[in-house]
Amino acid sequence: MASETYESPWTNDGVDLFRKTVRQFIDREFVPRQGRWREQHHADPEAWPLAGNIGMLLPDVPQEYGGGGGTFAHEAVVLEELARAGVHFASSIQSIVAHYILAYCTEEQKRKWLPLMARGELSSAIAMTEPAAGSDLQGIKTVARREGDHYVINGSKTFITNGLRAGLVCLAAKTDPKTTGPKGTSLILVETQDLPGYRVGRPLEKVGRHGQDTVELFFDNVRVPASHLVGGTEGMGSFQMMEQLVYERLSVGVAAVAAMEKAVDITTRYVKERIAFGKPLIEFQNTRMKLAECRTEAYIGRIFLDDCIERFLKGRLTPTAVAMAKYWLTDREFHVVDECVQLHGGYGYMSEYPIARMWADSRVQRIYAGTNEIMKELIAWAQ
Ligand SMILES: Cc1cc2nc3c(=O)[nH]c(=O)nc-3n(C[C@H](O)[C@H](O)[C@H](O)COP(=O)(O)OP(=O)(O)OC[C@H]3O[C@@H](n4cnc5c(N)ncnc54)[C@H](O)[C@@H]3O)c2cc1C
C-alpha cells in the first residue's frame, strides 16, 4: 500500500493495476450488499462466482490450476482492499485451503478442486478447532477411522469461518487416537455436498465480523474416500498445519495493518470536522498527541509487515517471525482502533460508524489463527 512518503516494496505496476480492479469491484458489488450480509450473518452465495470472475479468488495460485498466477502480493492486495472497504468476505480462507491443496495434494486433486475454487463455484473452510480444543490442537477428539477405501469420521468442530456453505472442508482429525503427540493427527479434505452424516449448525452470534459466517460442523459416521487424506500419509496433519499457518498468520497481519491505516485516516478526517468547545477536535493537544501515536504505530506496523511480506516472497519468512508479526500487529491494531474510537466520543460506539465496527472486528484478530499468547510461546521457545 502507498502513502505520501512511502510505497511498499512488494508493489509494482501489475500489482497496482490488480488493486484498481479489485477496489472498483468491491466498491461496486460488495459495499452495497454489506448491510444485508451483516444482518443475515453471511455473504450471498452469488458473491463467490462474481469474485471469481474478476480474479479475486486464489490470485496467488498458478494459472495452470485456474488461479491468478500472481504472488502473495496479489493476495495482500485483496486483503487490504476488503479491509479498506470494511467488507467481510472469506476469500482468505479460500486461499488458505488452496495452499494446503497446492502443497500436499495429488496432481489430479489440484486439477479437480483448485479451478472450481478460483471460479467461486466451490467455497471452502478449514476446520481445526473443537469445543474442547482450540489452542491445544493435539487435544482434538474428532476421529477418522480407516475402513477399506474410506475414512469414517465422527466428531464436531466449532468457530468455523465460511463453513455455512463450504463444499470442501479441510478437516483436522485423529487417524491414530492412541498417539498423544502430533503424529496422531491428519488432514482430510471432505466434499460436503449431499454427504450423509454431515451437518452444519446455524451461524454463531459473534461480537463483530457479522458479514461472514462462523459455524459449528458435525460429523456422524461420515464416509470420505481414503484418497482425500492430505499428503497421502497418515499423521502428517500437525506438521502440514505448522507449515501453512505461516501463510494464514501473515494474512492476519496484512489485515491488521490495513485496519490501523484506515482507522487513522477516518479519525483524522473526523477530528477535523467535529466541533467541541467552539473548535475542531484537532485543535486540542491531546487529540494531536493521540493521532500522532496512532499514525506512528501504523507506520511501524507497515514497515514490519512489508519486511515479512518481502521475506515470504523470497521463501524466507520463519514461523517465529510470522508469530511475532501476528501477535504484535494485531495487538497494535486493537490498541490503535480503540484510541480512534475514543477520539470519536459516543459516535465511536455507534454501529453505523465504521470505527465502531472496526473495533468489534479487530478484537478477534488477537484470538484466531493461534492466540497471541500462543504466538509468544512460539517466539520465546525459538532458538
Ligand atoms: C470469529 C472466529 C473465527 C474462527 N475461525 C476459525 C476457523 O475458520 N477454523 C478453525 O479451525 N478455528 C477458527 N477459530 C477458532 C480459533 O482459532 C480459536 O478460538 C483459537 O485458536 C483459541 O482457541 P479457544 O477458543 O479454544 O481458546 P482456548 O484455547 O481455550 O484459550 C483460552 C485462553 O487461554 C490461553 N491459553 C491457552 N493455552 C495457553 C498456553 N499454553 N499458554 C498461555 N495461554 C494459553 C489462550 O491464549 C486464551 O487466552 C475462529 C475463532 C473465532 C472467534
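Residues numbered from 1 in each chain as written. Predicted model: local features only at pLDDT ≥ 70, side-chain atom pairs only at ≥ 80, totals over all residues.

### Some thoughts on the environment of His 99
Part 1: Mapping His 99 onto the fold places it in helix 5 (residues 91–104).
Part 2: Taking the C-alpha atoms as reference, His 99 lies 7.8 Å from Val 61; in sequence the two are 38 residues apart.
Part 3: Sequence-distant contacts of His 99, defined by excluding residues within four places in its chain, comprise Gln 244 and Tyr 247. (Helix = DSSP H or I, 4+ residues; strand = E, 2+ residues; numbered from the N terminus. Contact = placed C-beta atoms within 7 Å.)

### Looking at the packing of helix 7 (residues 237–273) against helix 10 (residues 354–363)
Part 1: Following both chains from N to C, one finds helix 7 and helix 10 inclined at 155°, their axes separated by 10 Å at the closest point. Between helix 7 and helix 10, the angle falls in the class roughly antiparallel. Pair helix 7 / helix 10 crosses with left-handed handedness. Residues Ala 259, Ala 263, Ile 266 and Thr 267 of helix 7 pack against Pro 354, Ile 355, Met 358 and Ser 362 of helix 10.
Part 2: Residue composition of the contact of helix 7 with helix 10, grouped by class: 6 nonpolar, 2 polar and no charged. (Axes fitted to C-alpha atoms, helices over the stretch in contact; angles between N-to-C directions. Parallel < 35°, antiparallel > 145°, perpendicular 65-115°, else oblique. Left-handed = near helix turned anticlockwise from the far one by under 90°. Nonpolar A, V, L, I, M, F, W, Y, C, P; charged D, E, K, R; others polar.)

### Concerning the packing of helix 7 against helix 9 (residues 319–344)
Part 1: In the contact formed by helix 7 and helix 9, the axes pass within 8 Å of each other and the chain directions differ by 20°. Taken together, the axes of helix 7 and helix 9 are roughly parallel relative to one another. In this structure, helix 7 meets helix 9 at a crossing whose hand is left-handed.
Part 2: A per-class count over the contact of helix 7 with helix 9 returns 21 nonpolar, 4 polar and 4 charged.

### Thoughts on the domain arrangement of the protein chain
Part 1: Here the protein chain is described as being made up of domain 1 (13–121), domain 2 (125–233) and domain 3 (239–381).
Part 2: The C-alpha centroid of domain 3 is placed 22 Å from the C-alpha centroid of domain 1.
Part 3: At the junction of the two partners, domain 1 supplies 16 residues and domain 3 supplies 15 residues.
Part 4: Elements that contribute at least two residues to the side of domain 1 that touches domain 3 include exactly helix 4 (72–85) and helix 5. (Domains from an automatic or database assignment.)

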